Amino acid sequence: MPTPAPAAAMNACPCPAALADARDYNTVRRAIAFLSTHWTDHPDLGELADHLGLSPAHCQRLFKRWCGLSPKEFIQAITIDHARRMLDGSASLLDCALDLGLSGPGRLHDLFVDHVAMTPGEYKRGGAGLEMVYGFHPSPFGDALVMATPRGISGLAFADEDAGQSREEALADMTRRWPAATYRNAPEETARLATRIFDFNDWDPDRPVRIVMIGTDFEVRVWQTLLRIPMGRAVSYADIARHLGKPTAARAVGSAVGRNPLSFVVPCHRVLRGDGQLGGYHWGLTRKRALIGWEAGQLMK
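I will try to describe carefully the structure that is included in this document. Computed from a predicted structure; not experimentally measured. (Residues numbered from 1 in each chain as written. Predicted model: local features only at pLDDT ≥ 70, side-chain atom pairs only at ≥ 80, totals over all residues. Heavy atoms only, no water.)

Helix packing geometry: the angle between the two helix axes and the distance between the axes. Closest axis-to-axis distance for the helix 2 (residues 45–52)/helix 3 (residues 56–67) pair is 8 Å, and the angle between their directions is 90°. With respect to each other, helix 2 and helix 3 are oriented roughly perpendicular. Between helix 2, through Leu45, Gly46, Leu48, Ala49 and Leu52, and helix 3, the contact on the second element is made entirely by Pro56, Cys59, Gln60 and Phe63. Among the residues forming the contact of helix 2 with helix 3, the class breakdown is seven nonpolar, two polar and no charged. (Axes fitted to C-alpha atoms, helices over the stretch in contact; angles between N-to-C directions. Helix = DSSP H or I, 4+ residues; strand = E, 2+ residues; numbered from the N terminus. Parallel < 35°, antiparallel > 145°, perpendicular 65-115°, else oblique. Contact = heavy atoms within 4.5 Å. Nonpolar A, V, L, I, M, F, W, Y, C, P; charged D, E, K, R; others polar.)

Turning our eyes to something else, we now look at helix 10 (residues 217–226). Within helix 10 the residues assigned to the buried category are Glu219, Val220, Val222, Trp223, Thr225 and Leu226. Packed against the buried residues of helix 10 are strand 1 (113–117), helix 7 (120–124), strand 6 (209–213), helix 11 (237–243), helix 12 (250–258) and strand 8 (271–272). (Buried < 20%, exposed > 50% of the residue type's maximum accessible area, 1.4 Å probe, protein only.)

In terms of nonpolar packing, the biggest core is built from 83 residues, with Trp66, Phe198, Ile211, Leu226, Ile240, Val257 and Phe264 touching the most fellow members. Counting residues per element, this core draws most heavily on helix 1 (residues 16–37), at six residues. Apart from the residues within four sequence positions on either side, Ile211 is in contact with Val113, Asp114, His115, Val116, Gly152, Ile153, Leu262, Val265 and Val266. Grouped together as the second largest cluster of nonpolar side chains are seven residues, Ala83, Leu272, Leu278 and Ile292 included. (Core = buried A, V, L, I, M, F, W, Y, C linked by side-chain atoms within 4.5 Å.)

Applying the stated criterion across every chain yields a total of 18 salt bridges. For Arg176, the salt bridge is made with Asp173, and the minimal N-O distance between the two is 3.9 Å. A salt bridge links Glu295 to Arg270; the nearest nitrogen and oxygen atoms lie 2.8 Å apart. Of this pair, Glu295 sits in helix 13 (residues 285–300) while Arg270 sits in the loop between helix 12 and strand 8; the two residues are 25 residues apart in sequence, bridging distant segments of the chain. (Salt bridge = Lys/Arg side-chain N within 4 Å of Asp/Glu carboxyl O.)

All right, on to the pairing of strand 2 (residues 131–137) then. A large share of strand 2 lies buried, amounting to six of its seven residues. When strand 2 meets strand 5 (residues 182–185), the two strands line up parallel, connected through four bridges. Counterpart to Tyr134 in the pairing with strand 5 is Asn185. (Pairing = 2+ DSSP bridges.)

A word on unusual backbone geometry. Glycine aside, residues mostly have negative phi angles, and peptide bonds mostly take the trans form. In this model, His42 sits at a positive phi of 50°, which is unusual for a non-glycine residue. Relative to the helices and strands, His42 resides in the loop between helix 1 and helix 2. Here His42 falls in the exposed class, since its relative accessible area comes to 66%. Unusually for a residue other than glycine, Phe264 sits at a positive phi of about 70°. Note on placement: Phe264 falls in the loop between helix 12 and strand 8.

Side chains of Asp41, Asp44, Glu47 and Asp50 sit close together on the surface and give a patch of like negative charge. Residue placement: Asp41 occurs in the loop between helix 1 and helix 2. (Patch = residues over 30% accessible without salt bridge, like charges linked within 9 Å, V, L, I, M, F, W, Y side chains within 5 Å. Areas by Shrake-Rupley, 256 points an atom, 1.4 Å probe, with all protein chains shown as cover. Lys, Arg positive; Asp, Glu negative; His and termini not counted. Charge placed at Lys NZ, Arg CZ, Asp CG, Glu CD.)

Let us now look at the pairing of strand 4 (residues 152–158). Of all seven residues making up strand 4, seven are buried, and the element is well covered by its neighbours. Hairpin connection between strand 3 (residues 144–149) and strand 4: a loop of two residues separates the two successive antiparallel strands.

Let us now look at the environment of Gly297. Note on placement: Gly297 falls in helix 13. Spatially, the C-alpha atom of Gly297 lies 8.6 Å from that of Ala77, the residues being 220 residues apart in sequence. Ignoring sequence-local partners within four residues, the contact set of Gly297 consists of Cys67 and Leu69.

Structure representation (structure tokens):
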């Protein structure tokens, strides 16, 4: 386990826009938590603004700046009715010819990904002989922990604020996955990777983000399947199990989705329960709602 570095050394900034988005997310997260708690009361813009200590106009501008939606539109984007619409046709979605999601009009805003997987033997050794660099960076969804090997990005995580998780705990959660690896704090090296992930003007099919998947054979197959889900759509755990030829393995799929080490890049937030409920999310349900709402805003731009 590495010794956490001072906060300043772990907080290299990928770009000015990311800093602004990260500051916005701190307020948006509080807004989502408030809306999730007071859902049945149908709070209006004024009530939300009062809770955040903002004027209604500022509250409206903040949401528009962060994701392209008004607070009312954002609320609509994270309702169960919207989730059920995202699931429409999900049973056949994974079988259509999306070429791992790198084509189709629904992916115009998606991050382009090229991926490789470590061999089962390499995984079983717990990362022995593998060096990973890591660093914390601002993102539109809060502080992001970016981890990388020479072969590609191996981890992208967030602290779960819903559970009061710290940066140090988020780092420990990730390093436990590969206990025999060595870790080096190098935010100056991971900053360029954070820029590739979170600077949306830098998403380019001719320069895909390279990731390396480190897991069991079954986990890697599940994570590869997640890359087929277009932005603005969702599938269920059962859909993935059927797609993999294991229709009774929905619970095992859920466990593999929960162990996805590449948040956002490998979009496990697009997996919902068959009834439209969000299900779980390793980095907190508030962040899962934020990711779904943010993506809805990108598709409206």
